[in-house]
Amino acid sequence: MKIILLGPPGAGKGTQAELISNKLNIPHISTGDILREAISNKTPLGDQAKKIMDQGNLVSDEVILGIIKERLSEKDCKGGFLFDGFPRTIGQADGLKNLNIDINLVLEIKISDEIIITRMSGRRIHQASGRSYHIKYNPPRIEGKDDVTGEDLIQRNDDKPETVLARLEVYKKQTDPLIDYYLDIQKKTDLKFVKVNGANSPKEVSEEIFRSFEKI
Ligand code: AP5
Ligand code: MG
């Protein structure tokens, strides 16, 4: 299975990606997680990306496509993969198409702007794995600690309300057009496009997603 998860910031892509990746046993490839790891390791990529991400803007297509090509060359991607936060522009989607990879399923998680704002302010993440929690809706077993490693949870730099608004604008301008892009490909190929309601609980959303696998 080769899957793309589409949806605005805070839609629950990372939350659902972890569940899907465990269920289908395919790697979860989040360009956001890869960039945050580069920032915490202070690599040249991280230094370049930090300012852009803190402002809520997008890293260049060229850099992102370079990251993706390198990641896909790893052995664990042979049996399929799940993209979370990629592609995010028409340029990235064209770049992916040029790699001759046939995507089976595009899942769009739909959600309103109001819900996004409340989710972002309560989000906490485990930096090393990218696991995402919410202080109210999806709390860790021990406050402030990752369920798997017991390490500290942190708040993301770009979850400040003003940056969240900037990210939402960027999504509407640059990523939303991908919905029509993939609906059009669906008409011509075996690719399936499925919308799910991201306003439901994480469990309900994942059940809706798992049901869509039966259509593939
Ligand atoms: P990225 O890390 O991809 O962020 P994003 O797309 O803005 O999405 P988020 O990670 O904020 O939200 P999510 O949908 O994963 O939600 P989550 O599951 O955490 O990108 C960050 C930045 O990196 C970009 O702004 C850009 O600068 C750069 N970048 C990355 N990829 C790029 C690319 N391809 N091209 C260019 N630049 C790129 O959930 C959110 C919160 O809600 C959590 O607290 C969670 O616990 C909670 N929650 C989840 N589901 C539910 C639910 N059903 N009910 C209640 N609460 C829920
Ligand atoms: Mg995420």
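In case you missed it, the structure is sitting above this.
*Asks:* What should I look at first to understand the pattern of salt bridges in this one?
*Replies:* Side chains bearing opposite charge may pair, as long as their charged atoms lie close to each other. Following the criterion strictly, the structure yields 15 salt bridges and no others. One salt bridge connects Arg 123 with Asp 159, and the closest N-O pair in it is separated by 2.9 Å. Note that Arg 123 is positioned in strand β5 (residues 123-125) and Asp 159 in the loop between β6 (132-134) and α7 (161-175), a separation of 36 residues in sequence. Salt bridges here are not isolated pairs; linked through shared partners, they connect Arg 123, Arg 156, Asp 158, Asp 159 and Arg 167.

*Asks:* Can you walk me through the packing of aromatic side chains in this structure?
*Replies:* The geometry of an aromatic ring pair is captured by two quantities: the separation of the ring centres and the angle between the planes. Under the definition given, this model contains four aromatic pairs. Between Phe 83 and Phe 86 the ring centres are 4.9 Å apart and the planes differ by 75°, which places this aromatic pair in the edge-to-face class. Judged on exposure class, the residue Phe 83 and its partner Phe 86 are both buried. With a centroid separation of 5.0 Å and 75° between ring planes, the pair formed by Tyr 181 and Tyr 182 is classed as edge-to-face. Judged by relative accessible area, which is 13%, Tyr 181 ranks as buried. On the accessibility criterion, Tyr 182 (3% relative accessible area) is buried. Three or more aromatic residues joined by ring pairs form one cluster here, namely Phe 81, Phe 83 and Phe 86. The ring of Phe 210 carries Lys 23 above its face, with NZ or CZ at 4.7 Å from the centroid.

*Asks:* How should the nonpolar core be read in this particular structure?
*Replies:* Nonpolar side chains in soluble globular proteins tend to end up buried together. Ile 4, Leu 72, Phe 83, Leu 96, Ile 103, Val 106 and Tyr 182 are the most contacted members of the largest nonpolar core, which totals 29 residues. Those residues in contact with Leu 72 that lie beyond four places of it in its chain are Ile 29, Cys 77, Phe 81, Phe 83, Leu 99 and Ile 101. Counting 20 residues, the second-largest nonpolar core is a separate cluster that includes Ile 3, Leu 107, Val 164 and Val 205.

*Asks:* How should the site of ligand 1 be read in this particular structure?
*Replies:* For ligand 1, the set of nearby residues contains 35 residues, the closest of which are Thr 15, Asn 57, Arg 123, Tyr 133 and Arg 167. Contacts to ligand 1 include Gly 85, whose backbone N or O atom sits 2.9 Å from a nitrogen atom. One of the backbone nitrogen or oxygen atoms of Asn 200 is found 2.7 Å away from a nitrogen atom of ligand 1. Mapped onto the shell around ligand 1, the elements with two or more residues apiece are α1 (13-24), α2 (31-40), α6 (113-121) and β6. With four residues, the single largest contributor to the shell around ligand 1 is α2. A class-by-class count of the residues in the shell around ligand 1 yields 12 nonpolar, 15 polar and eight charged.

*Asks:* Would you take a moment to explain the sheet that holds strand β3 (residues 81-84) for this structure?
*Replies:* Think of a sheet as strands paired side by side through backbone hydrogen bonds, with each pair either parallel or antiparallel. What the five strands build is an open sheet, ordered β2-β3-β1-β4-β7; its pairing is parallel. Since the sheet does not close on itself, it has two edges, and those belong to β2 (28-30) and β7 (192-197), each with one partner. Shown here is a sheet whose adjacent strand axes are inclined to one another by a mean of 20°, direction ignored. One ladder, built from three bridges, connects β2 with β3; its direction is parallel. Directly across from Ile 29, in β3, lies its bridge partner Phe 83.

*Asks:* How should I be thinking about helix α5 (residues 90-98) in this particular structure?
*Replies:* It helps to recall that an α-helix has 3.6 residues per turn; residues three or four apart then point in one direction. Among all positions of α5, only Gln 92, Ala 93, Gly 95 and Leu 96 are buried. Angular distribution of buried residues about the axis of α5 spans 155°; they occupy a single face of the element. Among the structural elements, β1 (2-6), α4 (61-72), β3 and α8 (177-188) are those in contact with the buried residues of α5. Directly beyond the C-terminal end of α5, a positive phi value near 60° is found at Asn 100.

*Asks:* Looking at this model, I keep getting lost on the packing of α4 against α5. Mind explaining?
*Replies:* Each pair of packed helices gets described by two things: the angle between the helix axes and the distance between those axes. Following both chains from N to C, one finds α4 and α5 inclined at 35°, their axes separated by 10 Å at the closest point. In the crossing of α4 with α5, the sense of the turn from one axis to the other is right-handed. In contact with Asp 61, Ile 64 and Leu 65 of α4, α5 contributes Gly 91, Gln 92, Gly 95 and Leu 96. Residue classes in the contact of α4 with α5 are distributed as three nonpolar, three polar and one charged.

Thresholds, definitions, all that
- Residues numbered from 1 in each chain as written.
- Chains lettered and ligands numbered in written order.
- Predicted model: local features only at pLDDT ≥ 70, side-chain atom pairs only at ≥ 80, totals over all residues.
- Heavy atoms only, no water.
- Salt bridge = Lys/Arg side-chain N within 4 Å of Asp/Glu carboxyl O.
- Helix = DSSP H or I, 4+ residues; strand = E, 2+ residues; numbered from the N terminus.
- Phe/Tyr/Trp six-rings, centres within 6.5 Å; stacked < 30°, edge-to-face > 60°.
- Buried < 20%, exposed > 50% of the residue type's maximum accessible area, 1.4 Å probe, protein only.
- Lys NZ or Arg CZ within 6 Å of the ring centre and 35° of its normal.
- Core = buried A, V, L, I, M, F, W, Y, C linked by side-chain atoms within 4.5 Å.
- Contact = heavy atoms within 4.5 Å.
- Near = heavy atom within 4 Å.
- Polar contact = N/O pair within 3.5 Å; in protein donor to acceptor, adjacent residues only side chain to side chain.
- Nonpolar A, V, L, I, M, F, W, Y, C, P; charged D, E, K, R; others polar.
- Pairing = 2+ DSSP bridges.
- Axes fitted to C-alpha atoms, helices over the stretch in contact; angles between N-to-C directions.
- Arc of directions from axis to C-beta.
- Left-handed = near helix turned anticlockwise from the far one by under 90°.

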